[in-house]
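This is what each chain is made of:
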Amino acid sequence: MTAALEIEGIRKTFGDKVAIESLDLTIPQGATYGLIGPSGAGKTTAIRMIMSILFPDRGTISVFGQGSALKAKDRIGYLPEERGSYRKMTVGAFLIYMGCLKGRTRAQAYGRADRLLGRLGLADVNAKKCEDLSKGMLQRVQFVASIINEPDLLILDEPFGGLDPLSVRLLKGVIAEEQQRGATLIFSTHVMAHAEELCEQIVMIHQGRKVLDEPMAGLRRQYDTRRILLEPLDPGANLLALQALPCVEGVKLNDHGCEVRLHAGMDPGDAVRAIAGVVAPARIELSRIRLEDVFIRLVGESGGVHGSQEALRTHLQGLSNTGAAA
Amino acid sequence: MSIKLHRIGLIAARDYKAAITSRAFLVGLLVMPVMLLVFVVLVPRILNSRSPQVIGEVAVIDGTGKVSTELSHALAPAEIARRRTVEAEQSPLKPVSPASPAPASGPPIPRMTLVQVPPDTDVATYKSWLIQRGDATPRHLALVVVQPDAVTRRPGAVAFGSYDLYTSSKLDETTESTLRNTVRAALIATRLRTQGLDPTAMATVQQVFQPESIVVGPAGDRSASRVIARILPFACGMLLFIGVMTGGQLLLTSTVEEKSNRVIEVLLAAVSPLELMYGKLLGQLGLGMTMTVVYLVMSVFVLAQFSLSGLLDPMLIVYVLAFFVVTYLVFGSLMLTIGAAVNQMAEAQALMPPVIILLAAGYSLSGFIGQAPNSTFSVAMSFIPPVNTFAMIARVSSSAPPPAWEVWTTLLISVVTALLVVWLAAKVFKVALLMHGRPPSFATLIKWARMA
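Throughout this description, residue numbers start from 1 for each chain and increase along the sequence as written. Whichever chain is written first becomes A and whichever ligand is written first becomes 1, with later ones labelled in order. Totals for whole chains, interfaces and linings use every residue, but because this is a predicted model, local features are given only for residues with pLDDT of at least 70 and side-chain atom pairs only at 80 or more, for both listing and counting. Side-chain numbers come from the whole structure's heavy atoms, not from hydrogens or water.

(A) Broad picture of the sheet that holds strand S8 (residues 201–206) of chain A. Residues and elements named next belong to chain A. The strand order S5-S6-S7-S3-S8-S9 describes an open sheet built from 6 strands, whose pairing is mixed. Edge strands, defined here as strands with exactly one partner in the open sheet, are strand S5 (76–79) and strand S9 (209–215). Each strand axis lies, on average, 15 degrees off the axis of its neighbour in the sheet, ignoring direction. Where strand S3 (residues 32–36) lies against strand S7 (residues 184–189), 5 bridges are found, and the strand directions are parallel. Bridge pairing in S7 places Gly 34 opposite Phe 187. Helix-sheet contacts for helix H1 (residues 43–50) involve S3, S5, strand S6 (153–157), S7 and S8, and the interaxial angle to S6 is about 155 degrees. Between any two strands, pairing holds if DSSP finds at least two bridges. Each helix is a run of DSSP H or I of at least 4 residues and each strand a run of E of at least 2, with the numbering of both proceeding from the N terminus. The axes are straight lines fitted to the C-alpha atoms, using for helices just the contacting stretch, and the angles between their N-to-C directions are given from 0 to 180°. We call two residues in contact whenever any of their non-hydrogen atoms come within 4.5 Å of each other.

As structure tokens, this is what we get:
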């Protein structure tokens, strides 16, 4: 099957600034990819190039086998981070206009807009002007505009920004429907929890380069072998007594119990047995690597340039290998 | 790059509908006719209707001893009214329908009574007669001092003497003008009588009503009007200017608005930058065209009221519309580019002056070129873009239009210019659309054009 998106060696500069450097990426049809990275990393530039709003200085981008997104725009839905609407237009007219621009008939666009507005709790706003809606309502309308054409590729740039929890849940429901329909999803966000929840594969861009392209499942299998999470059977147990163990570097109490940090070079298996010997556990486990930890480690602590997947692996090992990270 | 016409059509239709239903456009559409109506029809009527009739005395120190009688006669309101009627009849702008003689029009006729002052009166002393309290009656309007040689020349002199006029500080300009005309008529009449001639007969002899000229052409005769011939180039230039300014301004504001409220990127998810640009250009072109056609229809209607619609060559209307399209494409593209490059209207003001100056220069030329349509300057201007369209439309609408090949050459040059400017604008537009932050200079715009 043709990939939904194939990017090969694209580079984009703005004057002297390199926005994207040698980016390769292949996204199969029906996949859900999370695009993460700090502000200014190049995510939006990459998305704009995918959308053929900007064009790369070199390299190629293929969308559904077409040499340019311009040839496949009717099959793409895009919700930009900076999104607006025509203030004086009614919601219905705006959505029909967007639907028609994306190759749908007025009747098709009207029908889908009506259904989606109802699904997102906006059944009665069709005749209202966009300027009369609240910010949250307008964001939901803009989301509807992005999927009005039943896209095969849906690119969402920070779709939940500024939304209340109920709206976030409604949107997630519709996004899940789009996934089930078979749409390929590219999801750009700063909120790691959303990426972890929705995405199958995580791509991280930092300083214009791809520094991570891993399945979410693979990332979840990674464990931090220097941190153990303990929830005691007896809520009144003296957890600070664990500090007396030779393998323990420190104990940090939390609402459920504590987080025990081990000295470098300690065997996690021995440590688990030793801890369980002191405090009877209701639950004891090695800490999972969170996407946020990877993100912060790659972006925050290193400071330098992470040029490749090798750098990522080194950092993941740094998190999981007790000796190497010391 | 694939460009889908239906997308361009959709964008154009939305922009056209949004603009034509906007209050700004409707107000703009009505501004010119309303202003014309106000200044040409209503203001004079209001001014005249509100002017009270001037009643007062005019003193005369007649150094000749002969002019006073004639002046007294000439100051009679009936005589003033008669002179006004004659002047109106001789005007080439007189309405031809209805065919009855033009009635005396203008401000109320002043009622001026002549006060004869002995000729040996000292003028320097008598001048104080004009200084009165504000509410004093009768009002002392003016003092006319007729020089002794005003009727009979001094021996050896070539010219006659004249008169001195002293006026009250409260005398209005219209009454003063009426008084001057009256004294002039009285002096001429007295001079003629002194030489044994009949002033009435002389006035009749000198009276020549201006006929409407008939232009004889292969297609037959048609009437012409010198005034219309003088106004037409200017009016056509104004039509181009207003149409282009309206379309261009709306193009600028709608683009700035789309950019500032971040709807641009939503649109670019559905259409290419070029489709967006062409759609917007086309939408406002339709708007400018609507305005131009409305004004053309109004103009034809007004000319028909004066039975002058025959003066409008149908080809002139075709040329106006054709030149409007190419002029709009040049200036509209420039304004669109500026709209795409800035973030708010205040920033656009900094980049607009060169475009407005060019446009105004073209418009200003049309009046001059209409007067001398075949001078070297006029011919040269009609081939130099972007003012060539204004120059050529002025020549085409003048009384001596250029040969057809010159018109078509100008049109060809304009089309090539328009294509070039649209192409350049598209390059900047693509880059500028997503640029935010500090407003660009012209150097930056050129840099963006190179980047694209």
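From this point, the discussion proceeds with the structure in view.
(B) A look at unusual backbone geometry. All names here are of chain B. Of note, the bond from Thr 137 into Pro 138 is cis; its omega dihedral lies within 30 degrees of zero at -10 degrees. One can find Pro 138 in the loop between helix H5 (123–126) and strand S3 (139–146). Residue Pro 385 is joined to Pro 386 through a cis peptide bond whose omega torsion reads 5 degrees. Along the polypeptide, Pro 386 turns up in the loop between helix H13 (376–381) and helix H14 (388–396).

(C) Geometry of the pattern of salt bridges. Within this document, salt bridges are pairs made up of a side-chain nitrogen of Lys or Arg and a carboxyl oxygen of Asp or Glu, the two lying within 4 Å of each other. By the definition in use, this model includes 33 salt bridges over all chains. Between Arg 48 of chain A and Glu 265 of chain B there is a salt bridge; the shortest N-O distance is 2.7 Å. Residue Arg 48 of chain A is found in helix H1, and its partner Glu 265 of chain B is found in helix H9 (residues 264–268); the two belong to separate chains. Note on classification: 1.4 Å probe, protein chains only; a residue is buried when its accessible area is under 20% of the maximum for its type, exposed when over 50%, partly exposed between these limits. The exposure class of Arg 48 of chain A is buried, given its relative accessible area of 13%. The shortest N-O distance in the salt bridge between Asp 213 of chain A and Lys 210 of chain A comes to 2.9 Å. Pair check on accessibility: Asp 213 of chain A and Lys 210 of chain A agree, each one buried.

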